[in-house]
Amino acid sequence: MGNLRSLQGCWDTDNLPAVAVPQIEQIEAELHRALSDKSMPLFQAALDCDGRLGFENGTSLAVAKYLIATRRWDIDLHQPIKTEENLHILVRRHGPTEMAPER
């Protein structure tokens, strides 16, 4: 229940920092690579990603939550999402990132 509450609103790209679809794809690839070795906590992978790609701190973490909320990354939602621990991604789905229609 806590995971779902923490992901509320994360599926909407309007709630992401100002990033375009290609940047979301780039962040996703970088984060997945960093988290795949199972030794880096999520917050550190996100901070490193922000630094490498020149984004404001917190951007990559927001994108990670978006990827989980939109089921691009499947994780065990019965386990709490702890940013100070590695995030175990069960399934990584590829596909176009859907941006909200312009208003």
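Residues numbered from 1 in each chain as written. Predicted model: local features only at pLDDT ≥ 70, side-chain atom pairs only at ≥ 80, totals over all residues. Heavy atoms only, no water.

Asks: Give a description of the packing of helix α2 (residues 21-36) against helix α3 (residues 42-53) that names residues and reports values.
Replies: In contact at an axis separation of 9 Å, α2 and α3 are set at 135° when each is read in the N-to-C sense. By the angle between their axes, α2 is oblique relative to α3. Read as a crossing pair, α2 and α3 show a hand that is right-handed. Between α2, through Gln26, Ile27, Glu30, Leu31, Ala34 and Leu35, and α3, the contact on the second element is made entirely by Leu42, Ala45, Ala46, Cys49, Arg52 and Leu53. Of the residues that constitute the contact of α2 with α3, the class distribution is nine nonpolar, one polar and two charged. (Axes fitted to C-alpha atoms, helices over the stretch in contact; angles between N-to-C directions. Helix = DSSP H or I, 4+ residues; strand = E, 2+ residues; numbered from the N terminus. Parallel < 35°, antiparallel > 145°, perpendicular 65-115°, else oblique. Left-handed = near helix turned anticlockwise from the far one by under 90°. Contact = heavy atoms within 4.5 Å. Nonpolar A, V, L, I, M, F, W, Y, C, P; charged D, E, K, R; others polar.)

Asks: I'd love a proper account of the pattern of salt bridges, names of residues and values included.
Replies: The final tally for this structure, using the stated rule, is five salt bridges. Here Glu30 ties to Arg33 by a salt bridge, and the two come within 3.0 Å at their closest N and O atoms. Highlighted residues: Glu30 and Arg33, both in helix α2, separated by three residues, approximately one helical turn. Its relative accessible area of 17% is what places Glu30 among the buried residues. Residue Arg71 pairs with Asp74 through a salt bridge whose shortest N-O separation is 3.1 Å. Residue classification places Arg71 among the partly exposed positions, given a relative accessible area of 49%. (Salt bridge = Lys/Arg side-chain N within 4 Å of Asp/Glu carboxyl O. Buried < 20%, exposed > 50% of the residue type's maximum accessible area, 1.4 Å probe, protein only.)

Asks: I'd love a proper account of the confidence of the model for the protein chain, names of residues and values included.
Replies: Summary statistics for the protein chain give a mean pLDDT of 79 and a share of 75% for residues scoring 70 or more. Mean pLDDT values for the elements of the protein chain range from 62 in helix α1 (residues 2-7) up to 94 in α3. Note on residues 99-103: pLDDT is under 50 here. Beyond four places in sequence and across chains, it has nine contacts. (pLDDT = per-residue confidence, 0-100.)

Asks: Describe the environment of Cys49, listing the residues and the values that go with them.
Replies: Topologically, Cys49 is positioned in helix α3. Look at Cys49 and you get buried, because its relative accessible area is 0%. Sequence-wise, Cys49 and Ser60 are 11 residues apart; in three dimensions their C-alpha atoms are separated by 6.5 Å. With sequence-adjacent residues up to four places away left out, Cys49 is seen in contact with Ile27, Glu30, Leu31 and Ser60.

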